[in-house]
Amino acid sequence: MNLAMTSLSTLMATLLVATPLMAQTDAQAEKGLTISKESKARDEGWGDMQADMLMVLRNSQGEESIREIRLKSLEVDNDGDKSLSIFDKPLDVKGTAFLSFSHPVGADDQWLYLPALKRVKRIASRNKSGPFMGSEFSYEDLASFEIEKYTYKYIKDEACGDDTCFVVEQYPVDKYSGYTRRVVWIDQSEYRLQKAVFYDRKDALLKTLTYHDYQQYLDKYWRADLMKMVNHQTNKSTDLKWNNYQFKTGLSDSDFNKNTLKRAR
Amino acid sequence: MEIFMRERIYHFALNHPIIVSLFSLLLIVAAAAGGKNLVFKSDYRVFFSEENPQLTAFESMQKVYSKSDNVAFVVSAKSGDLFTPEHLAAIHSLTESAWQIPYSNRVDSITNYQHTVAEEDDLIVEDLVLETEDLPNADMAKLKAVATKEPLLVNKIVSPDGSVTIVNVTVQLPGVNPVEELPEIMSKVYEVRDAFVSANPDLELRLSGMVVMNNTFAQSSQNDAMTLIPLMFAMVVLSMIFLLKTISGTLATVVIIITTIAATMGLAGWGGIFLTGATASVPTMVLTLAVADCVHILTTCFYEMRHGATKKNALETSLRINFGPIFLTSITTAIGFLSMNFSDSPPFRDLGNMVASGVMIAFVLSITLFPALLMLLPMKVKQREEGHSDKLDYLADFVISKRKVLLPSMAAVIIGLLLFVPQNELNDDFVKYFDTSVPFRQATDYMQDNLSGMTTMEISIDAGASSAINEPEFLHATEAFSEWLRQQPETDHVNTLTDTIKRLNKNMHGDDESYYRLPESRELSAQYLLLYEMSLPYGLDLNNQLNVDKSSLRIVGTFENITSNDQILLEERIYDWFDENAPQYQVHVASPSLMFAHIGKRNIESMLWGITLALILISALLGVALKSVRYGFISLLPNLAPAAMGFGLWYFIDGQVGLALSVVAGMTLGIVVDDTVHFLSKYRYAQTHRGKDPVEAVRYAFASVGRALWITTLVLVFGFMVLAQSSFKVNADMGLLTAITIFIALIVDFLFLPPLLMLLDKGSRNKQNSGANA
């Protein structure tokens with residue numbers, strides 16, 4: 001009784017004090033969401049896509065290591081995209097194929113085909129915050145962007161290059177995310193991501209991702225040729241170089257099937 | 001001319017005490033203002049110079065892999081079993097809060113251990129305890145079996161009986177502002193600890209790890225500053241009042257001490273010197289050394305006043321007589337401390353430079369501010385008839401009459417102690433740098449008793465080509481080495497990637513135990529690792545074991561606390577193993593433990609040069625001051641013997657010599673010389689000016705300086721004995737051995753030097769006489 005009274009009065013007090021503040025926060029959240037929705041909407045309808053990806057990993061001493069991956073993606077309405085990654089380098093993982101059905105909420109479905117074992121294995125794990133192939137990108141960073149994965153807060157407008165950017169904070173919904181938030185810079189002319197800054201679980205600056213050399217495909221879809229991720233805590237970095245972007249190549253559900261994963265080329 | 005100059009200095013001080021006092025205080029305040037720049041650098045790495053090969057090796061290894069500075073929360077159950085739902089929930093929440101520690105980039109615990117299991121064609125990679133809500137229904141015995149059978153965990157993260165565990169937080173300090181980063185981490189660590197302790201009365205929590213050790217360096221020094229320095233002041237005040245029976249003299253001395261310390265520390269601040277565990281002992285040392293100058297001036301002054309001189313005249317006489325000896329002893333002491341510049345360890349160079357400047361500041365102040373203050377303070381001395389027999393006369397009689405027994409027996413004692421010098425064992429165990437009253441030491445000892453010690457070695461094996469760590473040949477060599485290392489008697493734990501690969505191979509074959517072995521092909525291993533790495537969460541990746549190119553891997557061995565020598569031997573055995581069994585791979589071994597293991601020897605070798613140079617300089621100075629090459633050489637013996645005897649005696653006290661003690665010989669050299677200077681100069685004075693024979697000259701030397709030597713030695717021994725009470729063993733050992741050496745020096749100067757002089761000079765005098773007679 002006493003306890004209930006106390007918490008009730010605390011709640012009242014909080015409401016009184018916080019109302020104008022919350023109104024502002026609501027407006028910021030609304031605007032952040034709107035911007036992100038627009039960004040997502042402008043990139044819809046690409047159907048399917050293929051590209052070659054070259055990863056250049058660097059440690060703090062500048063020593064480099066290379067990974068090569070071919071990527072195929074299929075746009076799925078009302079759910080996360082399906083993607084198939086085929087590893088070409090290092091040579092000892094050549095032919096390894098990774099199939100993933102991403103979902104806006106909850107764990108993704110993931111299968112891996114290991115040619116040396118000649119078996120398809122389903123990976124059951126909530127983890128997606130670890131480094132992808134030892135790089136500074138996590139699986140989380142590379143998965144498709146879905147509105148439901150974050151809550152939003154618009155911060156401000158800021159000049160970025162020749163353009164002006166919306167600066168929006170995104171808070172991951174998944175509790176197994178490696179981040180407390182990421183701050184993204186979205187340009188106002190084309191709603192493209194120009195920069196993302198990641199904050200770790202203790203809200204300390206962790207990584208910065210920058211997008212370079214955007215190209216437009218099919219007069220609509222913008223893709224960066226180069227993505228640079230720098231880890232500020234370890235001074236390691238990874239460059240992602242994209243080549244041979246192809247859209248609407250006629251891929252279908254049957255190309256993203258765990259039973260046909262063995263035959264993925 | 002020179003004499004004229006120095007007389008002008010103290011005449012001015014005696015005639016214009018107020019001006020001199022104000023002016024010197026002004027200069028002191030200006031110097032002391034540098035104190036605002038003084039910050040404490042609390043990092044074990046400060047003990048190593050940038051050129052130190054072990055530091056360089058370790059740092060380059062840390063650049064290739066990841067850093068390994070850590071905070072270890074050592075958790076134990078009072079009931080003896082951690083594997084209950086409540087306790088595991090507590091460890092789970094501790095693991096979660098540990099992520100909030102600033103600069104943390106990895107947290108390892110039994111709850112977030114990435115457990116892999118196979119279910120048909122599924123590979124499940126999950127925290128061992130993912131959700132605390134599931135714990136009440138979980139199979140505790142099974143969880144315990146998994147944790148205590150996993151080679152990655154047992155003896156490192158969890159004790160074999162499941163009663164003690166650690167939550168290990170790896171932090172990566174940016175090093176941008178080291179003075180603020182460490183306290184930032186520690187305040188969060190304490191917050192996490194306090195919350196855990198109050199929420200879990202059935203669990204015990206202790207703090208260990210490199211970060212906690214670094215913090216303890218600062219804490220110990222602060223504790224020392226708060227307890228030892230006041231204790232020193234009390235000692236000085238009491239012994240001066242007791243021995244010299246003067247309030248004003250004591251007051252003036254205390255002022256000199258305070259101003260000397262303030263100016264010394266302030267100048268260090270202006271010079272950009274960091275405070276460290278070692279330099280934190282500077283105030284205590286300067287305090288001790290500054291007292292001696294004042295005691296000499298006061299003793300002579302009182303002697304004169306007792307004989308009816310006015311205060312001003314007495315002071316004038318005292319300054320005239322003492323100026324030379326005080327100047328000379330200050331210079332030799334400074335040279336001794338400056339020899340520490342040869343040390344391989346930067347804090348000891350700073351220590352040497354700071355004390356050397358402190359000694360010179362004390363000299364300047366004791367011939368300016370000190371007499372000025374004495375002029376201003378009231379001072380009365382009862383006139384007293386001299387002639388009553390001093391106890392030191394008895395000592396002189398004893399030494400003279402028993403000289404034929406004393407010389408050989410003292411020589412036997414010296415040689416006897418010398419024989420034990422090599423028996424000392426070289427050891428720098430950074431855990432034992434702190435005595436058992438220090439919480440970090442207690443926690444680390446507890447961790448060592450139940451899990452593993454803080455002695456680690458990181459072994460990097462380079463396979464030579466990109467991704468080549470997956471080669472079966474390489475993996476088999478690594479496995480063989482890991483097994484060999486596990487069998488070494490010192491070993492507590494070996495963290496090796498081959499265990500993980502073997503476990504994955506088993507998982508990929510439906511958890512069939514017979515597949516708990518290395519895969520046959522490079523492709524299999526590479527693909528397992530790819531699969532595994534994709535399933536790991538943030539902060540629990542393999543980057544601490546593999547380089548980006550997967551061309552080399554790192555094995556971490558954890559060992560019980562072993563001596564530096566044993567560590568160096570183990571390091572050699574590791575290299576030998578690779579020479580014999582896998583010479584095709586490049587291997588590097590490095591770790592903080594190894595850095596400390598090598599520093600003692602390196603420092604002793606480098607200090608030998610410093611000591612030699614200091615010895616040459618000091619002996620030359622003595623030769624000039626005594627105006628005799630012969631006595632310069634004779635002085636070598638009583639100057640060198642005390643340090644050597646001290647180290648011999650040390651074998652019976654502790655027997656372990658390390659970084660701290662390697663500087664003692666150089667440091668004490670400058671101090672023990674003082675006694676020899678005073679004794680020899682009086683002896684020579686009696687011979688040359690008063691034409692006394694060696695026996696009478698010895699008696700004169702005892703009568704004139706015996707008492708002052710006795711008092712200053714006592715003050716010095718007390719001072720360094722106070723330092724010996726430090727909970728920081730580096731300073732405590734340094735203090736104790738210095739006190740011992742100084743005390744031995746007095747014994748040598750009283751019991752060995754006089755008989756030696758009487759023997760040597762008897763021969764030469766006879767020769768002179770016979771020459772004259774012929």
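As the structure is a computational prediction, the values presented were derived from the model and not from experiment. (Residues numbered from 1 in each chain as written. Chains lettered and ligands numbered in written order. Predicted model: local features only at pLDDT ≥ 70, side-chain atom pairs only at ≥ 80, totals over all residues.)

A. Layout of the overall build of chain A. Scanning chain A from N- to C-terminus turns up 2 helices and 13 strands. Dimensions of chain A, computed from C-alpha atoms along their principal axes, come out at roughly 65 × 50 × 45 Å. When each of the 265 residues of chain A is scored for burial, the buried share is 31%. In chain A, of all internal contacts separated by at least 6 residues, the share reaching a separation of at least 24 is 43%. (Helix = DSSP H or I, 4+ residues; strand = E, 2+ residues; numbered from the N terminus. Buried ≥ 20, exposed ≤ 12 C-beta atoms within 10 Å, placed from the backbone. Contact = placed C-beta atoms within 7 Å.)

B. Structural context of the overall build of chain B. Within chain B, the regular secondary structure consists of 24 helices and 12 strands. Counting only C-alpha atoms, chain B reaches 110 × 60 × 45 Å along its principal axes. Going through the 774 residues of chain B one by one, you find that 54% of them count as buried. Restricting to contacts in chain B with at least 6 residues of sequence separation, those with at least 24 account for 80%.

C. Region of interest: the nonpolar core. With 262 residues, the main nonpolar core has Val 71, Phe 73 and Phe 370 of chain B as its most contacted residues. Sorting elements by how many residues they give to this core places helix 24 (residues 729-773) of chain B first, with 18 residues. Setting aside residues up to four positions removed in sequence, Phe 370 of chain B forms contacts with Ala 252, Ile 256, Cys 294, Ile 297 and Leu 365 of chain B. If you look at the next biggest cluster of nonpolar residues, it comprises 8 residues, including Tyr 150, Cys 165, Trp 185 and Ile 186 of chain A. (Core = buried A, V, L, I, M, F, W, Y, C linked by C-beta atoms within 7 Å.)

D. Quick look at the packing of helix 20 (residues 592-625) of chain B against helix 22 (residues 664-690) of chain B. All names here are of chain B. Where helix 20 contacts helix 22, the two axes come as close as 10 Å, and the packing angle between them is 15°. Comparing the axis directions of helix 20 and helix 22 gives the class roughly parallel. For the element pair helix 20 and helix 22, the recorded crossing hand is right-handed. Across the interface between the two elements, Met 607, Gly 610, Ile 611, Ala 614, Leu 615, Ile 618, Leu 622 and Ala 625 from helix 20 touch Ala 665, Gly 666, Leu 669, Gly 670, Val 673, Val 677 and Ser 681 from helix 22. Classifying every residue of the contact of helix 20 with helix 22 by side-chain character gives 11 nonpolar, 4 polar and no charged. (Axes fitted to C-alpha atoms, helices over the stretch in contact; angles between N-to-C directions. Parallel < 35°, antiparallel > 145°, perpendicular 65-115°, else oblique. Left-handed = near helix turned anticlockwise from the far one by under 90°. Nonpolar A, V, L, I, M, F, W, Y, C, P; charged D, E, K, R; others polar.)

E. Expanded view of the confidence of the model for chain A. Residue and element names in this part refer to chain A. Mean pLDDT over chain A stands at 86; residues scoring 70 or higher make up 91%. Taken element by element, the predicted model of chain A shows its lowest mean pLDDT in helix 1 (residues 2-42) (68) and its highest in strand 10 (residues 193-199) (95). Across residues 1-6 the pLDDT falls below 50, and counting only partners more than four positions away or on other chains, this stretch makes 0 contacts in the model. (pLDDT = per-residue confidence, 0-100.)

F. Local environment of the confidence of the model for chain B. Overall, the prediction assigns chain B a mean pLDDT of 87, with 97% of residues at 70 or greater. The ipTM, which scores confidence in the relative placement of chains, is 0.85 for this predicted complex, and the corresponding pTM is 0.84.

G. Fine view of the interface of chain A and chain B. Each side of the interface is counted separately: chain A has 37 residues, and chain B has 39 residues. At the level of elements, strand 5 (109-114) and strand 6 (119-124) of chain A are the ones that each hand at least two residues to the side of chain A that touches chain B. Taken together, the residues of the side of chain A that touches chain B break down into 15 nonpolar, 14 polar and 8 charged. Taken together, the 3 bridges between strand 6 of chain A and strand 4 (residues 122-127) of chain B define a ladder with parallel strand orientation. In the sheet register, Arg 122 of chain A faces strand 4 of chain B, and the bridge partner there is Asp 122 of chain B. (Pairing = 2+ DSSP bridges.)

H. Expanded view of the pairing of strand 5 (residues 164-171) of chain B. All names here are of chain B. Burial runs high along strand 5: 8 of the 8 residues are buried. Where strand 1 (residues 69-77) lies against strand 5, 8 bridges are found, and the strand directions are antiparallel. Considered in strand 5, the bridge of Val 71 is made with Val 169.

I. Spotlight on the environment of Val 705 of chain B. Relative to the helices and strands, Val 705 of chain B resides in helix 23 (residues 694-723). Here the alpha-carbon distance between Val 705 of chain B and Val 664 of chain B, two residues 41 residues apart in the chain, equals 26 Å.

J. Representation of helix 22 of chain B within the structure. All names here are of chain B. The terminal C-alpha atoms of helix 22 lie 38 Å apart, and with 27 residues this matches the ideal 39 Å at 1.5 Å per residue to within 8%. Along its length, helix 22 reaches its greatest deviation from straightness, about 30°, at Gly 670. With 21 of 27 residues buried, helix 22 lies mostly within the body of the structure. Positive backbone phi, at 60°, marks Gly 691, one or two positions downstream of helix 22. (Expected span 1.5 Å × (residues − 1). Bend = angle between axes of the 7 residues up to and from the residue.)

K. Broad picture of the sheet that holds strand 10 (residues 552-559) of chain B. Residue and element names in this part refer to chain B. Spatially, 4 strands are ordered 9-10-8-11 in an open sheet, and the strand pairing comes out antiparallel. Each end of this open sheet is capped by a strand with a single partner; those strands are strand 9 (491-495) and strand 11 (586-590). Adjacent strand axes in the sheet meet at a mean angle of 20° when their direction is disregarded. Pairing between strand 8 (residues 455-462) and strand 11: 5 bridges, direction antiparallel. Paired with Ser 460 across the two strands is His 588, which belongs to strand 11. Along the sheet, helix 3 (residues 53-64) contacts strand 8 and strand 11; its crossing angle with strand 11, the most-contacted strand, is approximately 110°. With respect to the sheet, helix 16 (residues 472-487) is in contact with strand 8, strand 9 and strand 10, its orientation differing from that of strand 9 by roughly 160°.

L. Highlighting the sheet that holds strand 2 (residues 104-108) of chain B. All names here are of chain B. In spatial order, the strands read 2-5-1-6; together these 4 strands make up an open sheet with antiparallel pairing. The open sheet has two edge strands with one neighbour each: strand 2 and strand 6 (203-208). In this sheet, neighbouring strand axes are inclined to one another by 20° on average, regardless of whether the strands run parallel or antiparallel. In terms of strand pairing, strand 2 meets strand 5 through 4 bridges, oriented antiparallel. Each residue of the ladder has a partner; that of Asp 108, found in strand 5, is Asn 168. Packing of helix 4 (residues 85-98) onto the sheet brings it into contact with strand 1, strand 2, strand 5 and strand 6, and relative to strand 5 it is tilted by some 10°. In this fold helix 7 (residues 210-244) packs onto strand 1, strand 5 and strand 6, with an angle of close to 105° to the strand it touches most, strand 1.

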